[in-house]
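Examining the three-dimensional arrangement
The primary structure of each chain is shown beneath.
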Amino acid sequence: MFVIGVKIVTDSTADLPQGLADELDISVVPLNVHFGEEEYLDWIDLDSDSFFEKLQASEVMPRTSQPSPADFEAVYKRVGEDGDTIISLHISAELSGTYQSATIAKSMLEDMDIEVIDSKLTSMALGIVVVEAARAARDGKSKEEILSVIYEQLGKVKVYFGVDTLEYLQKNGRIGKAAALLGGLLSLKPILTLVDGMVVPKDKVRGRVKLQARVVDLVGEELGEDVTGKAVILHGNVLEEALKLKDKIEAKYNFAEIIISSIGAVIGTHTGPGVLGVAVLPDKKQV
C-alpha cells in the first residue's frame, strides 16, 4: 500500500491485467454479468477464460449491469478514509451507466474530495490511462498534476479492434454507428473504434489474418509510422493470435511498453469471443 495523497479508482471494464491493479494500488469497482437468473461480478466471480467457456456453453445471451451508487460509496469511503483525494475514471457514459452511479455516489459524500471522470473509452484503452494515472499518484504527483496527465492522455488514446460478429454488440444495444455494417458482411470482419465514447466502424477485411495486418497498419496511418509510446494488445480468448499481433506491432513500431490484456466478462458480453485489437497511448498527439 502506497502512502500517497491521491487514490485511483476505476471499474472492471478497464480489464486491467491481474496483479497490476494490486501493484499500483488501483481500486476496481466490478460491474455485473447476468446469465439468466445467475449473477456474477466481473473479474471476481468470472475471469476471462471462465467467462468465454460459459458463454460458449450457455443457451442464453448474457447481459450486464452497472454497479450501484452504494457500491461506489462503499469503495470511496474505504479508499478515502485517511482524507486522500480520489480520482475515479470510468467506462464511457455512452456505453454504461457506471459513470452516473459514480457521480451519484460522489454527491452523497460531499465532505470528500472526489473527481469522477467519463473517459469516453473502455477496456484497456481506458486501462492504459488508469495505469499511467496510478503511476503518477505513486510518484507523489498532486491532484492537479494527475488530472492534467489524465485529460492529456484521454485525448490521445486510439483503439482499433476486430470482432467475429456484430451480433453481441447489436443484441446488447452497444452497436452505435457500427450498425451501418450490419447485413451483407458474410466473411468480412469489421474493425471498430471508439469516437466520443461510441462504437463506430473503422474498416472491414476478409478473414482474421488480414484483420491482424490491417490493425497494425491502422496504427501507422492514424498515428504515424514513427509513433512511440505504449500499446496494449486486447483479445477475447485468442491468446495465440494476440501474441502474433504483438510480434507484428513490435516488428513495425518502437513502443516503450506493450501489454497483453484479456477482455473481461462485461466487455466480452458485448463483443463476443474472438475480439482482437490494439489500444495505443502515443507520446505525442497527432493532428
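Residues numbered from 1 in each chain as written. Predicted model: local features only at pLDDT ≥ 70, side-chain atom pairs only at ≥ 80, totals over all residues. Heavy atoms only, no water.

For the structure on display, the rule yields five aromatic pairs. On the numbers, 6.0 Å between centres and 50° between planes, the contact of Phe35 with Phe51 is tilted. Here Phe35 is found in strand β3 (residues 32–35), whereas its partner Phe51 is found in helix α2 (residues 48–57), with 16 residues between them in sequence. Phe51 matches Phe35 in its accessibility class, with the two residues each being buried. Considering the side-chain rings of Tyr253 and Phe255, the 5.9 Å spacing of their centres and the 50° angle between planes classify their relative orientation as tilted. Phe255 matches Tyr253 in its accessibility class, with the two residues each being buried. A connected cluster of aromatic rings, assembled from ring pairs, spans Phe35, Tyr40, Phe51 and Phe52. (Phe/Tyr/Trp six-rings, centres within 6.5 Å; stacked < 30°, edge-to-face > 60°. Helix = DSSP H or I, 4+ residues; strand = E, 2+ residues; numbered from the N terminus. Buried < 20%, exposed > 50% of the residue type's maximum accessible area, 1.4 Å probe, protein only.)

Our focus in this paragraph is the sheet that holds strand β2 (residues 26–29). Note: strands within a sheet are paired through backbone hydrogen bonds, in either parallel or antiparallel orientation. Pairing in this open sheet of four strands is parallel, and the strands run β2-β1-β6-β7 from one edge to the other. Whereas interior strands pair on both sides, the edge strands pair on one side only; in this sheet they are β2 and β7 (114–118). Between one strand axis and the next, the sheet turns through 20° on average, direction left out of account. Pairing geometry for strand β1 (residues 6–11) and strand β6 (residues 85–90), over four bridges, is parallel. Residue pairing across strands places Lys7 opposite Ile86, the latter belonging to β6. Contacts from helix α4 (residues 98–107) reach β1, β6 and β7, with the element oriented near 165° to β7. Its contacts with the sheet put helix α5 (residues 123–138) on β1, β2 and β6, and the angle it makes with β1 is roughly 165°. (Pairing = 2+ DSSP bridges. Axes fitted to C-alpha atoms, helices over the stretch in contact; angles between N-to-C directions. Contact = heavy atoms within 4.5 Å.)

So yeah, pure geometry; function would need other evidence.
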